[in-house]
Amino acid sequence: MIPIDHSFRKYFPGLYQQQKLVYLDSASTTQKPHSVLEGMNEYYQQYCANAGRGNYTWAQRVTDGINSVRAKVAAFVHAQHASEIVFTAGTTAGLNMIAYAWGLHNLRSGDEILYCPDDHKANVLPWLHLQALLQRFGTTIHLIPYRITSSGEIDHENIRAKASSKTRLITLTHIHNVFGTLNDIARIRTLVGQEVLLSLDAAQSVGHLAVDVQELGVDFLSFSGHKMFAAPGTGVTWIHTRIHDQLSPFLVGGEQEIASPSSSGETHLHTYEMPHLLEAGTLNIPGILSLGRAIDFINDITLTTIEQHGKTLTYYLLHHLQQIPEVIFLPGIAYSKRPVGYGILSFYFEGYTASELGFILSSQNIYVRVGTHCTRGRAAQQDSVRISLHVYNTTEEIDTCMAILQELTSV
Ligand code: ALA
């Protein structure tokens, strides 16, 4: 068991070497603990071989390592089968994969996809792109926008109103990357029939709180390794077994093979079954191994402790920001009566642009994200400042940041 105490920083070499640095950008990427870095180094230095392609000792060790991380990820998100875990390059890659491995082969003219224009672009653009692609071949699908409320939560009534007999999939966000609110996905599942597929962007929730794919009732759940202490270029998309027969490869190669067209003119793809169906090419082996180490690290702290720490810090931060009249909050927990905050708060600061504030804070060793945060909706109308927290952050760090903001108000 790893306690979150005053020496917790020692697990993160970057933070340990820069004791004064206040890292408040974990929604962008997290710091990496020693155990994760060691896991990657061991692979490079002790058994660097490919996975699933050899029977010599190193190759077998890599293959076993990947299989074991797949089983670990399955347990971590409470999947029923390890075959539901597809390794990807990250959330964006996973969300694009869904559009091409499922959407391209299953959508017909007239079908509708519900999406939120305020979401992270990776949850929006793959569907717009697929729509344009299908249109070139004479298939017209419709993208129907749904709203989120001033507290940054998905408007359930709006989803209910927009869903129709033509709705094939709804793309959702678990914790919004700018607004920071946790959505009640299990409730949304009850609003639409089982024939409507749900794709969930869980990039900002996995690693922050217990995520149970069965309880959520979704069909796809995508997340990134690098936002949960593992290496960049690594992610997972969980896909419910019930729709595995609707999937086609979107990348082909490796052991997959396309047979020549039959007399009927159709080509048939002979492939492995899930999850290898969607994993053509050499996997990001060190990244996947790092994900296994990251899950061990999280389990050693426990998700319950991480969640509690995250909530406490989030509301501590909110309380202090609310004391500064210059702070104008974007939609999010500042406007919610319910405790739905998980580590992300975004705001404008009167008298300074977001980028000016970013520079000022950076000059004092405080790292926050500024800009439009990979969105194109409401949060993209004006650059904002985003503070995002994780397990290594402390109330003292928030105090340091608040003191600088307070000083700016008296200039
Ligand atoms: N999606 C990441 C963020 O919100 C990069 O910062």
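Rules used throughout
- Residues numbered from 1 in each chain as written.
- Predicted model: local features only at pLDDT ≥ 70, side-chain atom pairs only at ≥ 80, totals over all residues.
- Heavy atoms only, no water.
- Pairing = 2+ DSSP bridges.
- Helix = DSSP H or I, 4+ residues; strand = E, 2+ residues; numbered from the N terminus.
- Axes fitted to C-alpha atoms, helices over the stretch in contact; angles between N-to-C directions.
- Contact = heavy atoms within 4.5 Å.
- Phe/Tyr/Trp six-rings, centres within 6.5 Å; stacked < 30°, edge-to-face > 60°.
- Buried < 20%, exposed > 50% of the residue type's maximum accessible area, 1.4 Å probe, protein only.
- Left-handed = near helix turned anticlockwise from the far one by under 90°.
- Nonpolar A, V, L, I, M, F, W, Y, C, P; charged D, E, K, R; others polar.
- Near = heavy atom within 4 Å.
- Polar contact = N/O pair within 3.5 Å; in protein donor to acceptor, adjacent residues only side chain to side chain.
- Domains from an automatic or database assignment.

Novice: Mind showing me how you'd approach the sheet that holds strand β4 (residues 142–145) here?
Specialist: The strand order across the open sheet formed by seven strands is β2-β8-β7-β6-β5-β3-β4, and the pairing between neighbours is mixed. What marks the edges here is a single partner per strand, and that holds for β2 (85–88) and β4. Taking each pair of neighbouring strands and ignoring which way they run, the sheet shows an average axis angle of 20 degrees. Sheet strands touched by helix α4 (residues 91–106): β2, β5 (167–173), β6 (197–201), β7 (220–224) and β8 (235–239). Its angle to β7, the strand with the most contacts, is close to 155 degrees.

Novice: Sorry if this is basic, but what is going on with the sheet that holds strand β15 (residues 384–388) here?
Specialist: The strands that make up a sheet are held in pairs by hydrogen bonds between backbone atoms, and each pair lies either parallel or antiparallel. Pairing in this open sheet of four strands is antiparallel, and the strands run β11-β12-β15-β14 from one edge to the other. This sheet does not close on itself; its edge strands, each paired only once, are β11 (327–329) and β14 (369–371). Going across the sheet, the axis of each strand differs from the next one's by a mean of 35 degrees, ignoring polarity. One ladder, built from three bridges, connects β14 with β15; its direction is antiparallel. Among the inter-strand pairings, Gly 371 is bridged to a residue of β15, identified as Ser 384. Of the strands in this sheet, β12 (344–349) and β15 are in contact with helix α12 (residues 395–409), which crosses β12 at around 15 degrees.

Novice: Is there a simple way to think about the packing of aromatic side chains in this case?
Specialist: Each pair of aromatic rings is reported with the distance of its centres and the angle of its planes. In total, this model carries 13 aromatic pairs according to the counting rule given. Ring centres of Tyr 23 and Tyr 392 lie 6.4 Å apart, and the angle between their planes is 65 degrees; this geometry places the pair in the edge-to-face category. Within this pair, whereas Tyr 23 is found in strand β1 (residues 22–23), its partner Tyr 392 is found in the loop between β15 and α12, the two being separated by 369 residues in sequence. Residue classification places Tyr 23 among the buried positions, given a relative accessible area of 9%. A relative accessible area of 5% places Tyr 392 in the buried class. When the ring of Phe 349 is compared with that of Tyr 352, the centres are 5.9 Å apart and the planes differ by 50 degrees; the resulting orientation is tilted. When its relative accessible area of 24% is taken as the criterion, Tyr 352 is described as partly exposed. Put simply, the rings of Phe 8, Tyr 11, Phe 12, Tyr 23, Phe 229, Phe 297 and Tyr 392 pair up and form one aromatic cluster.

Novice: What is the right way to look at the packing of helix α2 (residues 34–46) against helix α9 (residues 285–301) in this model?
Specialist: When two helices pack together, their arrangement is given by the angle between their axes and by how far apart the axes lie. Orientation of α2 relative to α9, taken along the N-to-C sense of each, is 145 degrees, at an axis distance of 8 Å. In this structure, the crossing between α2 and α9 has a hand that is right-handed. Residues Ser 35, Val 36, Glu 38, Gly 39, Met 40, Glu 42, Tyr 43 and Tyr 44 of α2 form the contact with α9, whose own contacting residues are Ile 285, Pro 286, Leu 289, Ser 290, Arg 293, Ala 294 and Phe 297. Taken together, the residues of the contact of α2 with α9 break down into nine nonpolar, three polar and three charged.

Novice: Explain the pairing of β2 to me, please; I cannot follow it from the model alone.
Specialist: Within a regular strand, side chains alternate between the sheet's two faces. Neither face of β2 is exposed, since Ile 85 and Phe 87 on one face and Val 86 and Thr 88 on the opposite face are all buried. As defined by bridge partners, β2 adjoins β8 across four bridges and the pair is classed as antiparallel. Considered in β8, the bridge of Val 86 is made with Thr 237.

Novice: Mind showing me how you'd approach the environment of Asp 383 here?
Specialist: Position of Asp 383 among the secondary structure elements: in the loop between β14 and β15. Take Asp 383: its relative accessible area is 39%, and that puts it in the partly exposed class. Excluding residues within four positions of it along the chain, Asp 383 makes contact with Tyr 348, Ala 354, Gly 371 and Thr 372.

Novice: Explanation requested: the site of the ligand in the structure shown.
Specialist: Taken together, Ala 27, Ser 28, His 120, Asn 177, Gln 204, Lys 227, Arg 369 and Arg 386 are the residues near the ligand. A distance of 2.3 Å is found between an oxygen atom of the ligand and a side-chain nitrogen or oxygen belonging to Arg 369. Separating an oxygen atom of the ligand from a side-chain N or O atom of Arg 386 is a distance of 2.7 Å. Broken down by class, the residue content of the shell around the ligand amounts to one nonpolar, four polar and three charged. Two domains each put at least three residues into the shell around the ligand: domain 1 (8–32 + 302–409) and domain 2 (37–297).

Just geometry here; none of it tells us what the structure is for.
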